[in-house]
Amino acid sequence: MNDVLPILVIEDNEQDFRLLERHLSRSHLNCECTRVGTAAALDSALARPDAHWQLILSDYNLPDIDIRRVVARLARSHPDTPIILVSGTIGEETAVDLLRAGVADFVSKSNLTRLVPSIGRAVAAADTRRAQQHAERELQLRDRALSAAVNGVIITLAGGDMPVVYVNPAIEHITGYPADEILGRNFRFLQNDDRQQPDIARVHEALARGDACRAVLRNYRKDGSLFWNRMSIWPVKDPQGQTTHFVGIQEDITEQRQADERLRQAAAVFDSSTEGMMITDLSANIIEVNRAFTEITGYTHDEVIGQSTRLLRSGQHPPSFYQALWRSLGDSGQWRGEVWNRRKNGEVYPQWLTLSTVRDDTGAPVFYTGVFSDITSVKESAQQLEHLAHHDPLTDLPNRMLLNARLDHAIDHARRSGASLAVLFLDLDRFKNINDVYGHPFGDALLRQVADRLRACVRLDDTVARLGGDEFVVLLEDIKEPHSAVLVAEKIQLALNQPFAIELREQFVTTSIGISIFPRDGTEAAELIRNADAAMYQVKEGGRFGFAFYTPELTQKAAERVRIENDLHKALDLDQFELHYQPQVKFSNGQVTGVEALVRWRHPDRGLLYPSAFIPIAEESGLMPRIGRWILRAACQQARQWLDEGIDFGRMGVNIAASQLRRGDLVALIRDTLASTGLPADRLELEVTEGFIMQQAIEAIPRLDALRQLGVAIAIDDFGTGYSSLSYLKRLPVTRLKIDQSFVRDIPDDKEDAAITRAIIALAASMGLDVIAEGVESAEQAAFLVAEGCHLAQGHHFSRAEPASRLTPWMRRQPTASPANT
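A brief look at the structure comes next. (Residues numbered from 1 in each chain as written. Predicted model: local features only at pLDDT ≥ 70, side-chain atom pairs only at ≥ 80, totals over all residues. Heavy atoms only, no water.)

1. Describing the pairing of strand β28 (residues 713-719)
Burial analysis of β28 places six of its seven residues in the buried class, which makes it a mostly covered element. Pairing of β28 with strand β29 (residues 736-739), which is carried by three bridges, proceeds in the parallel orientation. Bridge pairing in β29 places A715 opposite R736. (Buried < 20%, exposed > 50% of the residue type's maximum accessible area, 1.4 Å probe, protein only. Helix = DSSP H or I, 4+ residues; strand = E, 2+ residues; numbered from the N terminus. Pairing = 2+ DSSP bridges.)

Now the structure itself:
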């Protein structure tokens, strides 16, 4: 394909079109692609008089275009233009239907390496068909011309310049010159400057001897167009035997020459086509085959000539199949479809075969032609696409689509048989942390091993599917009682509790499992999955690592959770978040040593929501980093404003979520926020929960060191709840411990809480750290804390968390202390 190949691309996705165009360019295919993405654009492109599309590439799933109708339409309007589908997922049945409709081939978008070879085959096949059709038309034209033509007659004088003395009227028809423009001239003027033809010298030599001759010459009409002239010349002699004249019969054989050339081209295409071709007599005995036939079937030319086409049969089609084939060939003159034939080596393979009846001038059949292609790769691609469409590429487990299909089938079977089935919804606990710490390749390897262990926990008839991320679903069919699901859940828990060996590291994981039972907890696939998911979240909220059955109350709770998540996505844009500030004071004199910024959500329907109502959902939905950035900036801006108003508030405490600390841009974010708001670094205190630091101590220490180097203070929030390791604690660059309010709430009456609180105060003192008690609400609590050596506190005993507008007047009346004295 040296000429530019004009290609019409039916594709609604601009990015996919660019990828396709880039692939063709990199494959050095000399083509020009034009994209249409709508039905209107397609109609316009096909109607353009200057457009001669030699190939059409089309996606299958198009919102505005029915590709089946397009194929049928193009079969009528552009029968010689091949169509190749370049698409994602398409089923085998659909592929066969479209092949029957006229599609040349299928190529997956995920594997474009087949595209250029497929284009070569399709264009070559189309050229073959066009050449054959053109040759047939040219032969018909030639036959008509020869039967109706009157040959030209020319008489010239012998000797001298051999001037023309007579021409018949046919000469003007052949040459375009009237007789009066020819008479008296040498007939060789019709060759113009094209005098180097080999036959010209031979004709001159024969005429010089007075001999007859025959030749085929290139001549030129009066309008300059070329025509081929076959002439026969013989001498006319006088009684003395001297040549006096020459008589020439001139025949325009241009159409014959063109037809012969077309036939040669057709023969070349026949032999060089990548599609197998065969010609048979009316008894289905093979008369001729091309080279592609021998390459595809494995038979040589001589081995099949004279043989019946039964030689190629695989034995996989019943007699009725061939009866219908011959009936169609007799009724309509054509049959097209998929056939399974056998190669010489015994291999059975699929063909896409087109049979046609060739008739003579009377309409009687004279022989049959067969054109076929080996569609093994198409079938394999369709099977691969079918598998990819229904399986998770990472674990090769059934995906959501296949799970839904199997679950629907299992429900239908359970309804008929009266049996039960169970759906187990699994979510790995804290898998996101593993991904963040060790990277996605590590996480992917873990998911693959988890998939293998889950398969080993169920029967062959059961289904293990991956929905995405770290979520799996197990479908247990024909269970006798709900307890059967419990046994499988316990088996899964036990299997996953064993260590996973990945990258020379032992990794432990746990999973939370929700269980729903058909028909007790739902009668539809989506309902059973949704309810099992709700039960799984109940396990998560209860501390993870366990299983729970669905209860109706969980549906309402899950729906509420979804509504809150949806509203959260809009809350920042609608300016629904606000900060309240709770003072931190000295027991001894009530001095304000700092404030903690606490976010609130003023929901338009639910009123003022506290963090416990939405922060966990924000963390799970990935919104927390964005909300955290807003909190940090708003708190720093308020702190700067207080400083500008002369209010010495001490330090501004801002909670940093685990998802923020895991991100690599936190240090830059703090630095940029301090710079843009103008807040001194020593006026900011970042509060990080003890639980997260202990889980990610190795990764957290360098980041906390970098933050501390900026000059900000770092406090461990909720201290006492996270099982701190003293070896890590002494390495952390923290400046303060915050006693969790769960220990303060019941002191001094609860002896265990009192003991824990006393130990935290002593630990802080021994490590040279400040300690502050959260949630102080009574004088008795304050007295106990002072007696044990705790000097700082925050809680309702001093002040509730209030908006800045209400807290500012209160702070103006309170004694304050600078950060250096807190």
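There's more to say after this.
2. Description of the sheet that holds strand β16 (residues 420-428)
With mixed pairing, five strands are arranged side by side in an open sheet as β17-β18-β16-β21-β22. Pairing within the sheet leaves two strands with one partner each, and these edge strands are β17 (463-468) and β22 (546-549). Going across the sheet, the axis of each strand differs from the next one's by a mean of 20°, ignoring polarity. As judged from the four bridges shared by strand β21 (residues 511-518) and β22, these two strands associate in the parallel manner. Counterpart to G514 in the pairing with β22 is A548. Each of β16, β18 (471-479), β21 and β22 touches helix α16 (residues 482-497); the most contacted strand, β21, lies at about 160° to it. Taken strand by strand, helix α17 (residues 525-541) contacts β16, β21 and β22, and its axis lies near 145° from that of β21. (Axes fitted to C-alpha atoms, helices over the stretch in contact; angles between N-to-C directions. Contact = heavy atoms within 4.5 Å.)

3. Side note on the sheet that holds strand β11 (residues 276-280)
Across the sheet, which stays open at both edges, the five strands sit in the order β12-β11-β15-β14-β13 with antiparallel pairing between neighbours. The open sheet is flanked by β12 (286-289) and β13 (334-342), the only strands paired with a single partner. Going across the sheet, the axis of each strand differs from the next one's by a mean of 25°, ignoring polarity. Here three bridges tie β11 to β12, and the two strands are oriented antiparallel to one another. Note that in β12 the partner of M278 across the bridge is V289. Against the sheet, helix α11 (residues 319-332) touches β13, β14 (348-359) and β15 (365-374), its axis set at about 150° to β13.

4. Brief notes about the pattern of salt bridges
For the coordinates displayed, the defined rule picks out 40 salt bridges. Where K109 meets E11, a salt bridge forms, and the shortest distance between an N and an O atom there is 3.1 Å. Taken as a pair, K109 in the loop between β5 (105-108) and α5 (115-148) and E11 in the loop between β1 (5-10) and α1 (14-26) lie far apart in primary sequence, 98 residues in all. Looking at K109, the relative accessible area reads 28%, which means it is partly exposed. Note on E11: relative accessible area 4%, which makes it buried. For E802, the salt bridge goes to R806, with nearest N and O atoms at 3.2 Å. Classification of E802 by relative accessible area gives buried; the value is 18%. Overlapping salt bridges, with partners in common, bring together E11, D16, D59 and K109 in one network. (Salt bridge = Lys/Arg side-chain N within 4 Å of Asp/Glu carboxyl O.)

5. Some remarks on unusual backbone geometry
Leave glycine aside and you will find that most residues have negative phi; peptide bonds, for their part, are mostly trans. Cis geometry marks the peptide bond from F518 to P519, where omega comes out at 0°. Locating P519 in the fold gives a position in the loop between β21 and α17. The phi angle at A284 is positive, at roughly 65°, despite the residue not being glycine. One can find A284 in the loop between β11 and β12.

6. Thoughts on the side chain of T280
Tracing the backbone through its elements, the reader meets T280 in strand β11. Discounting chain neighbours no more than four positions away, the residues touching T280 are N285, I286, I287, T309, F367 and Y368.

7. Quick look at the packing of aromatic side chains
Using the criterion set out here, one finds 13 aromatic pairs in the structure. Grouping aromatic residues by their ring pairs yields a cluster made of F577, W601, F614 and W630. (Phe/Tyr/Trp six-rings, centres within 6.5 Å; stacked < 30°, edge-to-face > 60°.)

8. Some thoughts on helix α12 (residues 376-390)
Given a rise of 1.5 Å per residue, 15 residues ought to cover 21 Å, and the 21 Å separating the end C-alpha atoms of α12 matches this to within 8%. Of all the positions in α12, only V378, K379, S381, A382, L385, A389 and H390 are classed as buried. Each buried residue of α12 sits inside an arc of 160° when the element is viewed along its axis, so together they form one side. (Expected span 1.5 Å × (residues − 1). Arc of directions from axis to C-beta.)

9. Focus on the state of the cysteines
Disulfide: a covalent bond formed between the sulfur atoms of two cysteine residues. Applying the stated criterion across every chain yields a total of zero disulfides. For the unlinked cysteine C33, the closest cysteine sulfur is that of C31, found at 4.1 Å. Taking the relative accessible area as the measure of exposure, C33 reaches 15% and is therefore buried. (Disulfide = S-S within 2.5 Å.)

10. A few points about the packing of helix α15 (residues 440-456) against α16
Describing two packed helices takes the angle between their axes plus the distance from one axis to the other. At a minimum axis distance of 10 Å, the contact between α15 and α16 shows a crossing angle of 140°. Here α15 runs over α16; the crossing is right-handed. Between α15 and α16, the contacting residues are V450, R453, L454 and A456 on the first element and K491, I492, A495 and L496 on the second. Tallied by class, the residues present in the contact of α15 with α16 amount to six nonpolar, no polar and two charged. (Left-handed = near helix turned anticlockwise from the far one by under 90°. Nonpolar A, V, L, I, M, F, W, Y, C, P; charged D, E, K, R; others polar.)

11. So, the side chain of S232
Tracing the sequence through the fold places S232 in strand β9 (residues 226-237). There is a polar contact of 2.7 Å between the side chain of S232 and the side chain of R214. (Polar contact = N/O pair within 3.5 Å; in protein donor to acceptor, adjacent residues only side chain to side chain.)

12. Some points on the nonpolar core
For soluble globular proteins, the rule of thumb is that nonpolar side chains tend to be buried together. Counting residues in hydrophobic clusters, the biggest one holds 79 residues, and the most contacted among them are L568, W642, M652, L684 and L707. Per-element tally for this core: the top contributor is helix α20 (residues 624-644), with 10 residues. Residue contacts for L684: discarding those within four places in its chain leaves L632, C636, R651, M652, V654, I670, L674, L679, V712 and A713. L397, I434, A489 and I502 belong to the second largest nonpolar core, which has 34 residues in total. (Core = buried A, V, L, I, M, F, W, Y, C linked by side-chain atoms within 4.5 Å.)

13. What to know about the pairing of β18
By the criterion of burial, β18 is predominantly enclosed, with seven of the nine residues buried. Bridging between β16 and β18 involves seven bridges; their strand directions are antiparallel. Paired with F425 across the strands is V473, a residue of β18. Note that β17 and β18 share five bridges and pair antiparallel. By the bridge assignment, A465 is partnered in β18 with V473. Here β17 folds back onto β18, and the loop between the two strands holds two residues, one of which, G469, carries a positive phi near 60°.

14. Considering the packing of helix α14 (residues 431-438) against α15
Contact geometry for α14 and α15: axes closest at 6 Å, N-to-C directions at 135°. If you check the angle between α14 and α15, you find them oblique. Of the residues in α15, those touching α14 at F431, I434, N435 and Y438 are H440, F442, G443, L446 and L447. Class assignment of the residues belonging to the contact of α14 with α15 gives a composition of six nonpolar, three polar and no charged. (Parallel < 35°, antiparallel > 145°, perpendicular 65-115°, else oblique.)

Purely spatial values, then, with no claim about function.
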